[in-house]
Amino acid sequence: MKVAILSGSVYGTAEEVARHAAKLLNAAGLEAWHNPRASLAELQAFAPQALLAVTSTTGMGELPDNLLPLYSSLRDQLPAAWRGLPGAVIGLGDSSYGDTFCGGGEQMRELFAELGVREVLPMLRLDASESVTPETDAEPWLAELISALRD
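In the annotation of an unreviewed UniProt entry, the protein is listed under the name MioC protein and assigned to Pseudomonas saponiphila. In the Cofactor (unreviewed entry) part of its UniProt record, the protein is described as follows: "FMN".

Considering the packing of helix α1 (residues 13-27) against helix α5 (residues 134-150)
At their nearest, the axes of α1 and α5 sit 10 Å apart, and the two run at 40° to each other. In terms of orientation, α1 lies oblique with respect to α5. In this structure, α1 crosses over α5, and the sense of that crossing is right-handed. Along the contact surface, α1 presents Thr 13, Glu 16, Val 17, His 20, Ala 21, Leu 24 and Leu 25, while α5 presents Pro 134, Glu 135, Ala 138, Glu 139, Leu 142 and Ile 146.

A few points about the packing of aromatic side chains
Scanning the entire structure with this criterion turns up 1 aromatic pair. Across the ring face of Phe 46, the terminal group of Lys 2 is positioned such that the distance to the ring centre comes to 4.7 Å.

Regarding the side chain of His 20
Take His 20: it is sitting in helix α1. Given the relative accessible area of 19%, His 20 is considered buried. When near neighbours in sequence (up to four residues on either side) are disregarded, His 20 contacts Glu 135 and Glu 139.

Observations regarding the UniProt feature "domain: Flavodoxin-like" (unreviewed entry) in the protein
Per the UniProt annotation, the sites labelled "domain: Flavodoxin-like" (unreviewed entry) are residues 3-146. Helix makes up 40% of residues 3-146 and strand 21%, with an end-to-end C-alpha separation of 10 Å.

Comments concerning the pattern of salt bridges
Inspection of the entire model under this criterion finds 6 salt bridges. Between Arg 75 and Glu 114 there is a salt bridge whose closest N-O contact spans 3.2 Å. In this pair, Arg 75 is assigned in helix α3 (residues 68-77) and Glu 114 in helix α4 (residues 103-115), connecting sequence segments 39 residues apart. Take Glu 114: its relative accessible area is 33%, and that puts it in the partly exposed class. We note a salt bridge from Glu 119 to Arg 109, for which the minimum N-O separation is 2.7 Å. Of the two residues, Glu 119 sits in strand β5 (residues 118-119) while Arg 109 sits in helix α4, which places them 10 residues apart along the sequence. Overall, the relative accessible area of 40% leaves Glu 119 in the partly exposed class. According to the relative accessible area criterion, Arg 109 is partly exposed, its value standing at 29%. Residues joined by salt bridges that share partners form a network here, namely Glu 106, Arg 109, Glu 119 and Arg 125.

So, the nonpolar core
Counting 25 residues, the largest nonpolar core has Ile 5, Leu 52, Val 54, Ile 90 and Trp 141 as its most contacted members. Beyond its immediate sequence surroundings of up to four residues, Trp 141 is in contact with Leu 52, Ala 88, Val 89, Ile 90, Leu 121, Pro 122, Met 123 and Leu 124.

Considering the pairing of strand β4 (residues 86-93)
Of all 8 residues making up β4, 8 are buried, and the element is well covered by its neighbours. Burial along β4 is two-sided: the face carrying Pro 86, Ala 88, Ile 90 and Leu 92 and the face carrying Gly 87, Val 89, Gly 91 and Gly 93 are both buried. Sheet topology places strand β3 (residues 50-55) next to β4; 5 bridges connect them, and they run parallel. Following the sheet pairing, Leu 52 is matched in β4 by Ala 88.

Analysis parameters
Residues numbered from 1 in each chain as written. Predicted model: local features only at pLDDT ≥ 70, side-chain atom pairs only at ≥ 80, totals over all residues. Heavy atoms only, no water. UniProt positions renumbered as here; feature names shortened; annotations may be inferred. Axes fitted to C-alpha atoms, helices over the stretch in contact; angles between N-to-C directions. Helix = DSSP H or I, 4+ residues; strand = E, 2+ residues; numbered from the N terminus. Parallel < 35°, antiparallel > 145°, perpendicular 65-115°, else oblique. Left-handed = near helix turned anticlockwise from the far one by under 90°. Contact = heavy atoms within 4.5 Å. Phe/Tyr/Trp six-rings, centres within 6.5 Å; stacked < 30°, edge-to-face > 60°. Lys NZ or Arg CZ within 6 Å of the ring centre and 35° of its normal. Buried < 20%, exposed > 50% of the residue type's maximum accessible area, 1.4 Å probe, protein only. Salt bridge = Lys/Arg side-chain N within 4 Å of Asp/Glu carboxyl O. Core = buried A, V, L, I, M, F, W, Y, C linked by side-chain atoms within 4.5 Å. Pairing = 2+ DSSP bridges.

Set out below in structure tokens:
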């Protein structure tokens, strides 16, 4: 199964989690593709069979700048080919920000819903105020994701 990993990162943490996820997915026999600056055309050329978004949250609960162009293209075009594909989201944030905690991840969940992507696991919320190793903290959830994608 071909899994496209979309990532949005300000300081690189979400990108590290996305790279780690790609390694684990590939090691499990899935074909993971990750390009933190991917265009919609590049993503469509990969022809994903599943989608994983890994994003941090900036400002007042927004997506990082590097993910905005792809997010906007997806919202504008809503590729019908992705309707029904399995998908999941890892949101990174800081719970001390209250209501905007993992807001970037929530935006990706909403976009996936608009695209008709089937959420196979509840969003993983990685809290910067509790975690110093988000890549490692994501591993149990990623193992569940791998299992869900194989079923």
